Amino acid sequence: MRNGSDVIVVGAGIVGSSATYHLAASGVTVTLVEQTHPAGGPSGKSSALLHAFYLMPELSQLAIRGREILVSLPEISGEGSFVTEIGMMWVCGNDNEASWKSAAERIRGEGALIETLSPQAFADAAPGFALDNVALALWEPEYGYADAFGATNAIARAAKARGARVMQNSLVERLVKEGDRISGVALADGTVLKADAVVLAASPGAGKARQVMPFAWCDDISCNYARPDNDGVILAGTWAGGGTGVRHEQAGRPRFVDNPDDYMEGVEEAESVEILETFATRVPAMADLGIRPGYAGLYDMSPDDLPVIGAMPGVDGLFVSAGSSGHGFKTGPAVGEAVARLVTEGAQPILAPFSPSRFKAA
Ligand SMILES: Cc1cc2nc3c(=O)[nH]c(=O)nc-3n(C[C@H](O)[C@H](O)[C@H](O)COP(=O)(O)OP(=O)(O)OC[C@H]3O[C@@H](n4cnc5c(N)ncnc54)[C@H](O)[C@@H]3O)c2cc1C
């Protein structure tokens with residue numbers, strides 16, 4: 001790397017923590033600066049569904065690598081496992097059957113286990129689920145969900161154990177430049193930290209159940225997802241972005257938020273009922289469960305629902321990873337690894353479709 005000196009990573013979400021870990025593990029002097037604590041933003045609120053199924057090959061590959069890193073966390077961090085391989089079930093209707101089948105075929109070639117199930121095979125695997133509208137189900141037995149808060153903190157601790165400096169409760173107020181190249185960041189308390197390169201991974205700061213919902217679940221027709229949580233609880237949500245990587249315009253909360261600090265992270269009862277009702281025809285038994293007050297989490301959406309990752313045009317030494325559009329936890333560990341390589345080695349083909357310059361070109 002230029003001057004052989006150090007890197008600052010802003011934001012200790014899953015991407016920033018992983019980038020810091022991979023930089024430190026490859027011998028780079030790196031400082032991770034976080035305004036609250038690791039997983040203090042969306043990473044800590046994430047439902048953290050894990051799957052390899054994406055219509056875009058690069059997202060599948062990052063998700064496959066992301067799972068590998070998450071699964072290897074016990075060796076990396078010396079801590080326990082943060083992944084629950086409960087299996088991931090997807091369903092789609094006639095419209096998407098052909099494209100989903102060919103994506104599943106491709107993903108099998110990329111090394112992930114993904115089975116295509118007929119409606120009857122789906123019915124056998126999911127007793128109690130209605131078959132309405134289902135043309136095809138996809139089953140990913142190695143996937144499921146992660147403990148997003150635990151995994152992100154474990155990676156940040158592993159980075160620290162490899163020599164990274166981790167600064168918590170430290171708000172980056174602005175970037176510092178010398179001419180047209182980055183030279184560091186200024187913190188809210190006036191401290192200026194110097195570095196040759198800065199990575200911005202800072203987005204907004206934020207029993208019976210098992211029988212009813214026996215796996216992690218994504219429904220492309222109803223635009224909802226769910227997974228069993230701890231004892232007797234199902235974590236259920238609807239998506240605006242996320243899922244296959246394509247936005248659902250009709251989703252309940254796809255609204256713009258001017259000030260992330262004012263975002264309402266609670267969920268009113270009426271909204272919880274609305275979400276539950278999206279499951280009513282598919283999994284009628286969910287309607288019989290009570291509602292535990294939930295939460296909402298803000299995430300950053302890019303204009304095309306794809307992450308924005310790469311070198312910032314016009315400012316030497318400045319890199320960004322943002323806009324993961326509601327599906328960036330599973331890819332986060334691998335994005336962090338690829339960003340570490342981008343900083344130390346140069347362009348990474350897997351990140352090419354996510355380059356910030358695509359917006360400039362448009
Ligand atoms: C409710 C919800 C459900 C989700 N479900 C899934 C899912 O099932 N599967 C999936 O793959 N993804 C899911 N996502 C999306 C996923 O969680 C995010 O895409 C991912 O966690 C983003 O990680 P990140 O590291 O890029 O950023 P973040 O987690 O946003 O981390 C950025 C960090 O930067 C810090 N920061 C911001 N500004 C500053 C500053 N000025 N100075 C210092 N620090 C700063 C923040 O405090 C934060 O800790 C979900 C998200 C939410 C909110």
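Every value quoted in this text rests on a predicted model; they were computed, and no experiment measured them.

The rules behind these values
- Residues numbered from 1 in each chain as written.
- Predicted model: local features only at pLDDT ≥ 70, side-chain atom pairs only at ≥ 80, totals over all residues.
- Helix = DSSP H or I, 4+ residues; strand = E, 2+ residues; numbered from the N terminus.
- Buried ≥ 20, exposed ≤ 12 C-beta atoms within 10 Å, placed from the backbone.
- Core = buried A, V, L, I, M, F, W, Y, C linked by C-beta atoms within 7 Å.
- Contact = placed C-beta atoms within 7 Å.
- Pairing = 2+ DSSP bridges.
- Axes fitted to C-alpha atoms, helices over the stretch in contact; angles between N-to-C directions.
- Parallel < 35°, antiparallel > 145°, perpendicular 65-115°, else oblique.
- Left-handed = near helix turned anticlockwise from the far one by under 90°.
- Nonpolar A, V, L, I, M, F, W, Y, C, P; charged D, E, K, R; others polar.
- Expected span 1.5 Å × (residues − 1).

**Student:** Teacher, can you tell me more about the overall build of the protein here?
**Tutor:** Helices and strands together make up the secondary structure of the protein, namely 11 helices and 18 strands. The 362 residues of the protein split such that 48% are buried.

**Student:** Help me understand the nonpolar core, please; the structure alone is not making it clear to me.
**Tutor:** What tends to happen in soluble globular proteins is that the nonpolar side chains get buried as a cluster. Grouped together as the largest cluster of nonpolar side chains are 104 residues, with contacts concentrated most on Val7, Val10, Ala146, Val198, Val199, Phe319 and Val339. For valine 199, the contacting residues outside a window of four places in its chain are Val7, Val9, Val10, Ala19, Phe319, Ser321, Val339 and Val343.

**Student:** Which parts of the structure should I look at to understand the pairing of strand β2 (residues 30–33)?
**Tutor:** Working note: regular strand, side chains alternate between the two faces of the sheet. Every second residue of β2 is oriented toward a common face, with Val30 and Leu32 on one face and Thr31 and Val33 on the other, all of them buried. Two strands pair when backbone bridges link them, and strand β1 (residues 7–10) and β2 are joined in this way by four bridges, in the parallel orientation. Residue pairing across strands places isoleucine 8 opposite threonine 31, the latter belonging to β2. Inspection of the sheet shows β2 paired to strand β9 (residues 165–167) by three bridges, in the parallel sense. Bridge pairing in β9 links threonine 31 to arginine 165.

**Student:** Mind showing me how you'd approach the pairing of strand β18 (residues 318–322) here?
**Tutor:** As paired strands, strand β13 (residues 197–200) and β18 are joined by three bridges and run parallel to one another. Directly across from leucine 200, in β18, lies its bridge partner valine 320. Note that strand β17 (residues 308–311) and β18 share four bridges and pair antiparallel. Note that in β18 the partner of alanine 311 across the bridge is phenylalanine 319. Hairpin connection, β17 to β18: the antiparallel pair is bridged by six residues, and glycine 314 has positive phi, about 90 degrees.

**Student:** So what exactly am I meant to see when it comes to the packing of helix α1 (residues 14–25) against helix α7 (residues 148–161) here?
**Tutor:** At a closest axis distance of 8 Å, the pairing of α1 and α7 adopts a crossing angle of 25 degrees. Here α1 lies roughly parallel to α7, going by the angle between them. Here α1 runs over α7; the crossing is left-handed. Mapping the contact onto sequence places Ile14, Ser17, Ser18, Thr20, Tyr21 and Ala24 in α1 and Thr152, Ile155, Ala156, Ala158 and Ala159 in α7. Across the contact of α1 with α7, the residue classes break down as seven nonpolar, four polar and no charged.

**Student:** I keep staring at the packing of α1 against helix α10 (residues 332–345) and nothing clicks. Help me out?
**Tutor:** Relative orientation and spacing of two packed helices are given, respectively, by the angle between their axes and the distance between those axes. At their nearest, the axes of α1 and α10 sit 7 Å apart, and the two run at 50 degrees to each other. It follows that α1 is oblique to α10 by the angle criterion. Crossing of α1 over α10 shows right-handed handedness. For the pair α1 and α10, contact is made by Ile14, Val15, Ser17, Ser18, Ala19, Tyr21, His22 and Leu23 and by Gly332, Pro333, Val335, Gly336, Glu337, Val339, Ala340 and Val343, respectively. Split by residue class, the contact of α1 with α10 holds 10 nonpolar, five polar and one charged.

**Student:** What am I meant to see in the sheet that holds strand β11 (residues 181–187) here?
**Tutor:** Hydrogen bonding along the main chain pairs the strands of a sheet, whether they run parallel or antiparallel. Within the open sheet, the three strands sit side by side as β10-β11-β12. Their pairing is antiparallel. Only two strands of the sheet have a single neighbouring strand rather than two, namely β10 (172–178) and β12 (192–194). Within the sheet, the average angular offset between the axes of one strand and its neighbour, ignoring direction, is 30 degrees.

**Student:** Mind showing me how you'd approach the environment of glycine 184 here?
**Tutor:** Along the polypeptide, glycine 184 turns up in strand β11. You can call glycine 184 buried: it has 22 C-beta atoms within 10 Å. Taking the C-alpha atoms as reference points, glycine 184 and valine 7, separated by 177 residues in sequence, lie 8.6 Å from one another. Beyond its immediate chain neighbours, meaning those up to four positions away, glycine 184 contacts Ile8, Val176, Val192, Leu193, Lys194 and Ala195.

**Student:** Would you take a moment to explain α7 for this structure?
**Tutor:** Helical geometry note: an α-helix holds 3.6 residues per turn, so side chains three or four residues apart project in the same direction. For α7, which comprises 14 residues, the first-to-last C-alpha distance of 20 Å matches the rise-based estimate of 20 Å (1.5 Å per residue) to within 8%. Where α7 is concerned, the buried positions are Ala148, Ala151, Thr152, Asn153, Ala154, Ile155, Ala156, Ala158 and Ala159. At the C-terminal side of α7, glycine 163 shows a positive phi close to 105 degrees.

**Student:** In this structure, what is going on with the sheet that holds strand β6 (residues 115–117)? I would like to understand it.
**Tutor:** Here we have six strands laid out as an open sheet, ordered β6-β7-β5-β14-β15-β16, and mixed in their pairing. At either margin of the open sheet sits one strand with a lone partner, and together these are β6 and β16 (234–238). Within this sheet the neighbouring strands show an average axis-to-axis angle of 15 degrees, counted without direction. Of the strand pairs in this sheet, β6 and strand β7 (residues 136–140) are connected by three bridges, and their pairing is antiparallel.

By themselves, these figures tell us nothing about what the structure is for.
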